[in-house]
Amino acid sequence: MRYMRIFAKLWMLLGIGMFAVVVLGLTRPAVAGEKILLNVVTAGDTNMHELQKSVFGPAFVKQFPNVEVNAVGSGPGDPGSRVIFQKLKSQKDANVAKYDMDVAIIHQSIMPDMIQNDLLAKYAPEIGTYKLMTAADGKNALGFDVEGYVMPMFHSQVVLAYNPEMVKSPPSSFEELVAWIKANPRKFGYNGVKGGMSGVAFVTGWAYWKTGKYDQYATGAYDKGAQSGWPAAIKELKGLPVILTTGNNDTLDKLNRGEIAMGPVWVDMLINMKNEGRMDPKIKMKLISPGFPGQPMYLVVTKKAANYEMAKKYVEFITSPEQQARVIVERNGWLPGIDAKHVLPVVSAKAKDMLFGDVPPEVLEKYGLVFPQQQYFKDLLTAYEEN
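(A) Up close: the confidence of the model for the protein. Looking at the protein, pLDDT values average 90 and 91% of them are 70 or higher. When the criterion is pLDDT under 50, residues 1-30 qualifies, and its contacts beyond four places in sequence or with other chains add up to 42 contacts.

Rendered as structure tokens:
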């Protein structure tokens, strides 16, 4: 919460600066050859901000020297996407001629609010890589139609990461995990439902396991009665002798330092830390039964983007097979946002082994789940806080 308050203050200051640009008329569409300031705002942890600021942005500028990419982070998890929504909504309500965001990277959960408030352009069919995208979540987000409004930048998956020197026989199911936690108090850590989505995914997987109603929550009609088992399940989870971390990064850091032996993490964050030499290389991954949810991160273009055409080019660049292979898979360990058949043939054997060595494609196919539909999702987060 302290982080979010600090971030909110920074965002307000940033917003004042950006609004001044709008007032001065500097966000008008650029003409050919004119210097373009492309404003890119991303939800997610610091790795997401660094990806735009230090990787995609500079690479894009090499192709378009007249462009400057201004990358800003809005904070981790769904709250980070909510910050982006609120910023755009305030500009729409103020009848701003051009928004001070061109491209945004956001979570699935915010899409209904974004589309229902008419804040996004239906741009995707206008870019060349749209035909390479075949994923179901490129058309539907938690039960909501998003076709044409999004391009998945990547797909990621939550797994259990563990230290094999401390976990000699890793669990294969939630039943085995509970037994291990009880036998090894305070050696398992997760971040609840605040500070990042790895904890949210763990809580969601727990609810799926305890209720056996995955299909209902993921694809069925909304039924408040289907939540009757949540309070008891959540109380059982909170009664386990675990360590609550502050977020995605803290879980990984505690795992790296040996303060915990196991915890839920995003595959990409773990692989990225290994690639950068910031994670104990012996840390392994396991996707247990009945599974954990994963999710895409969406690239969207705002309805009143000051640089609409260049914004489309930026998304097209990120979703090209070359960038998907080199950056999304090789560098970050994500599953590609476009169809893998266009990407994996040019990915190195080492990167494929790092991504699929512990969690083979068939295991991912079997136990890689989706998050609940929006109302179930909101209710689950509320239930966790209230029980």
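(B) Region of the structure containing the pairing of strand β11 (residues 292-301). Across the ten residues that make up β11, a large majority, ten, are buried. Here strand β3 (residues 103-106) pairs with β11 via four bridges, running antiparallel. The residue of β11 that forms the bridge with Ile106 is Tyr298. Of the pairings in the sheet, the one linking strand β6 (residues 151-162) to β11 comprises six bridges and is antiparallel in character.

(C) Main features of the pairing of β6. With twelve of twelve residues buried, β6 lies mostly within the body of the structure. As defined by bridge partners, β6 adjoins strand β12 (residues 335-336) across two bridges and the pair is classed as antiparallel. From the neighbouring strand, His155 faces β12, where its bridge partner is Leu335. Bridging between β6 and strand β9 (residues 262-266) involves five bridges; their strand directions are antiparallel. Across the sheet, residue Tyr162 finds its bridge partner in β9, namely Met262.

(D) Geometry of unusual backbone geometry. Cis geometry is adopted by the peptide bond preceding Pro290, which originates at Ser289 and carries an omega value of 0 degrees. Structurally, Pro290 is set in the loop between β10 (284-286) and β11. With a phi close to 60 degrees, Arg186 is a non-glycine residue in the positive phi region. Along the polypeptide, Arg186 turns up in the loop between α5 (174-183) and β7 (189-190).

(E) Representation of the pattern of salt bridges. Applying the stated criterion to the full structure yields 16 salt bridges. Between Lys254 and Asp250 there is a salt bridge, with its nearest N and O atoms 3.0 Å apart. One end of the pair is Lys254 and the other is Asp250, both in helix α9 (residues 248-257) and four residues apart, which spans about a single turn. Owing to a relative accessible area of 15%, Lys254 belongs among the buried residues under this scheme. The closest approach of N and O atoms between Glu276 and Arg278, which form a salt bridge, is 2.8 Å. For Arg278, a relative accessible area of 42% gives the class partly exposed. Within this structure, Glu126, Glu309 and Lys312 form a network of salt bridges that share partners.

(F) Quick look at the side chain of Gln157. Mapped onto the secondary structure, Gln157 falls in strand β6. Judged by its relative accessible area of 7%, Gln157 is buried. Within the structure, Gln157 has its side chain in polar contact with the backbone oxygen of Phe292 (distance 2.9 Å). Dropping the residues within four chain positions of it, Gln157 is found in contact with Val265, Trp266, Val267, Leu287, Phe292, Pro293, Gly294, Leu364, Gly368 and Leu369.

(G) Spotlight on empty space enclosed by the protein. Evaluated as defined, the whole model comprises three cavities of 30 Å³ or more. In this model, the largest cavity occupies a volume close to 170 Å³. Together, 17 residues line the largest cavity, and Met48, His107, Asn248, Trp266 and Gln295 are the ones closest to its centre. Going through the elements one at a time, α2 (46-63), β6, α10 (267-275) and β11 are the ones with two or more residues in the lining of the largest cavity. Class assignment of the residues belonging to the lining of the largest cavity gives a composition of eight nonpolar, seven polar and two charged. In this structure, the second largest cavity is lined by 14 residues; those nearest its centre are Gln157, Val267, Leu335, Leu355 and Leu364. Mapped onto the lining of the second largest cavity, the elements with two or more residues apiece are β6, α10 and α13 (349-356).

So, how was this worked out
- Residues numbered from 1 in each chain as written.
- Predicted model: local features only at pLDDT ≥ 70, side-chain atom pairs only at ≥ 80, totals over all residues.
- Heavy atoms only, no water.
- pLDDT = per-residue confidence, 0-100.
- Contact = heavy atoms within 4.5 Å.
- Buried < 20%, exposed > 50% of the residue type's maximum accessible area, 1.4 Å probe, protein only.
- Helix = DSSP H or I, 4+ residues; strand = E, 2+ residues; numbered from the N terminus.
- Pairing = 2+ DSSP bridges.
- Salt bridge = Lys/Arg side-chain N within 4 Å of Asp/Glu carboxyl O.
- Polar contact = N/O pair within 3.5 Å; in protein donor to acceptor, adjacent residues only side chain to side chain.
- 1 Å grid on protein atoms, 1.4 Å probe; cavity = no way out; pocket = protein on both sides within 12 Å on 5 of 7 lines; lining within 4 Å.
- Points joined across faces, edges and corners; volume = space filled by probe spheres on them.
- Nonpolar A, V, L, I, M, F, W, Y, C, P; charged D, E, K, R; others polar.

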